[in-house]
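Take a look at the letters that make up each chain.
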Amino acid sequence: MAKDNLIAPSILSADFARLGEEVDNVLASGADIVHFDVMDNHYVPNLTIGPLVCEALRKHGVTADIDVHLMVKPVDRIVPDFAAAGASYITFHPEASEHVDRTLQLIRGEGCKSGLVFNPATPLDVLEYVMDKVDMILLMSVNPGFGGQSFIESALTKLRQARKMIDDSGLDIRLEIDGGVKVNNIREIAEAGADTFVAGSAIFGAAESSDANDYNTVIGAMRDELAKAGS
Ligand code: DX5
Ligand code: ZN
């Protein structure tokens, strides 16, 4: 059984010059957690934000979970820094770590929830021996590196496969989807098994202005679609 649905705006599409206010506004508009994309211009061809910005959001007063999606290689060096900066979840791509089991243990050892991220072409095989060490499975429905790309349909098949693996395991694991999530496809994504929905451009781009009222409309529309899922 899937868990309660969580909407996770990706701050990659936020106005970085007003980041604290943007995060406050999406949370006040009904978002559940903050998706924090970390890119290193090495594992992915883009460069974003690091632990200092995570810490700044905490100091600003953000108390919601911060879901740190690491698109960096190597992974281990930066994990303790994000834990100290207030990360709640830390997820990473298995291709980016030489020792996946060790990295998962490191994340939990630092007091965070751990997760693995699967690119569109990456099979789920690596989960076989580490299911008990993950709190989140994140499936990419775009190739990582940029916001605003189109949803890759094969992610729906992979979601069903991951949902079955989680249910068969009986473990308490979230199933997150990232990339191209919009009001018009979130229902079918939920029906395929996701319970945590990252949306960057759909939330921060849909609003005419970046105030809380506008985010309320798009997040509310996503919730309405989620409420229809399975019916
Ligand atoms: C892409 C990032 C995503 C991105 C999603 O590498 O991991 O979180 O912000 O953006 P949208 O929702 O616009 O596809
Ligand atoms: Zn992401």
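Scroll up to find the structure.
Throughout what follows, the structure given in this document is the object of discussion. (Residues numbered from 1 in each chain as written. Chains lettered and ligands numbered in written order. Predicted model: local features only at pLDDT ≥ 70, side-chain atom pairs only at ≥ 80, totals over all residues. Heavy atoms only, no water.)

## Digging into the side chain of Asp40
Point 1. Topologically, Asp40 is positioned in the loop between strand 2 (34-39) and helix 2 (51-60).
Point 2. Lacking a salt bridge, the buried Asp40 has Lys73 as its closest oppositely charged neighbour, with an N-O distance of 8.8 Å.
Point 3. Within the local environment of Asp40, its side chain forms a polar contact with the backbone nitrogen of His42, the two atoms lying 2.9 Å apart.
Point 4. In this structure Asp40 touches Asn46, Leu47, Met71, Val72 and Lys73, once residues within four positions along its chain are discounted. (Helix = DSSP H or I, 4+ residues; strand = E, 2+ residues; numbered from the N terminus. Buried < 20%, exposed > 50% of the residue type's maximum accessible area, 1.4 Å probe, protein only. Lys, Arg positive; Asp, Glu negative; His and termini not counted. Salt bridge = Lys/Arg side-chain N within 4 Å of Asp/Glu carboxyl O. Polar contact = N/O pair within 3.5 Å; in protein donor to acceptor, adjacent residues only side chain to side chain. Contact = heavy atoms within 4.5 Å.)

## Here we look at the site of ligand 1
Point 1. By nearness alone, 20 residues border ligand 1, and Ser10, Gly145, Asp178, Gly200 and Ser201 come closest of all.
Point 2. In this structure, an oxygen atom belonging to ligand 1 sits 2.5 Å away from a side-chain N or O atom of Ser201.
Point 3. In isolation ligand 1 has 380 Å² of accessible area, and contact with the protein removes 100% of it.
Point 4. Counting only elements with at least two residues in the shell around ligand 1, the list comes to strand 2, strand 3 (66-71) and strand 8 (196-199).
Point 5. Element by element, the count of residues in the shell around ligand 1 is highest for strand 2, at three residues.
Point 6. By residue class, the composition of the shell around ligand 1 is eight nonpolar, 10 polar and two charged. (Near = heavy atom within 4 Å. Areas by Shrake-Rupley, 256 points an atom, 1.4 Å probe, with all protein chains shown as cover. Nonpolar A, V, L, I, M, F, W, Y, C, P; charged D, E, K, R; others polar.)

## Comments concerning the packing of aromatic side chains
Point 1. Tallied over the entire structure, the rule returns two aromatic pairs.
Point 2. A centroid spacing of 5.9 Å and a plane angle of 75° characterise the contact between Phe36 and Phe82, whose relative ring orientation is edge-to-face. A residue pair is termed long-range when its members are at least 10 positions apart, and Phe36 in strand 2 and Phe82 in helix 3 (residues 79-84) qualify at 46 residues.
Point 3. In this structure Phe36 comes out as buried when scored by relative accessible area, which is 0%.
Point 4. For Phe82, a relative accessible area of 0% translates into the label buried. (Phe/Tyr/Trp six-rings, centres within 6.5 Å; stacked < 30°, edge-to-face > 60°.)

## Here we look at the pairing of strand 2
Point 1. Across the six residues that make up strand 2, a large majority, six, are buried.
Point 2. The pairing of strand 2 with strand 3 spans six bridges and is parallel. Within strand 3, the position partnered with Asp37 by the bridge is His69.
Point 3. Crossover connection from strand 2 via helix 2 to parallel strand 3: handedness right-handed. (Pairing = 2+ DSSP bridges. Right-handed = clockwise from strand over helix to strand, strands pointing away.)

## Focus: the coordination of the zinc ion (ligand 2)
Point 1. Distances from the zinc ion (ligand 2) to its protein donors, namely His35 (NE2), Asp37 (OD), His69 (ND1) and Asp178 (OD), fall within the range 2.1 to 2.3 Å.
Point 2. Note that the zinc ion (ligand 2) binds six donor atoms; their angles at the metal cover 70 to 171°, and the shape is octahedral. (Donors = N, O, S within 2.8 Å, 3.2 Å for Na, K, Ca; no water. Tetrahedral: all angles 85-135°; square planar, octahedral: opposite > 155°, others 65-115°.)

## Structural notes on the nonpolar core
Point 1. Ile11, Phe36, Leu70, Phe82, Ile137 and Ile177 are the most contacted members of the largest nonpolar core, which has 71 residues in total.
Point 2. Apart from the residues lying within four places of it in its own chain, the contact partners of Ile11 are Phe16, Leu19, Val23, Val34, His35, Phe36, Ile49, Leu57 and Phe204. (Core = buried A, V, L, I, M, F, W, Y, C linked by side-chain atoms within 4.5 Å.)

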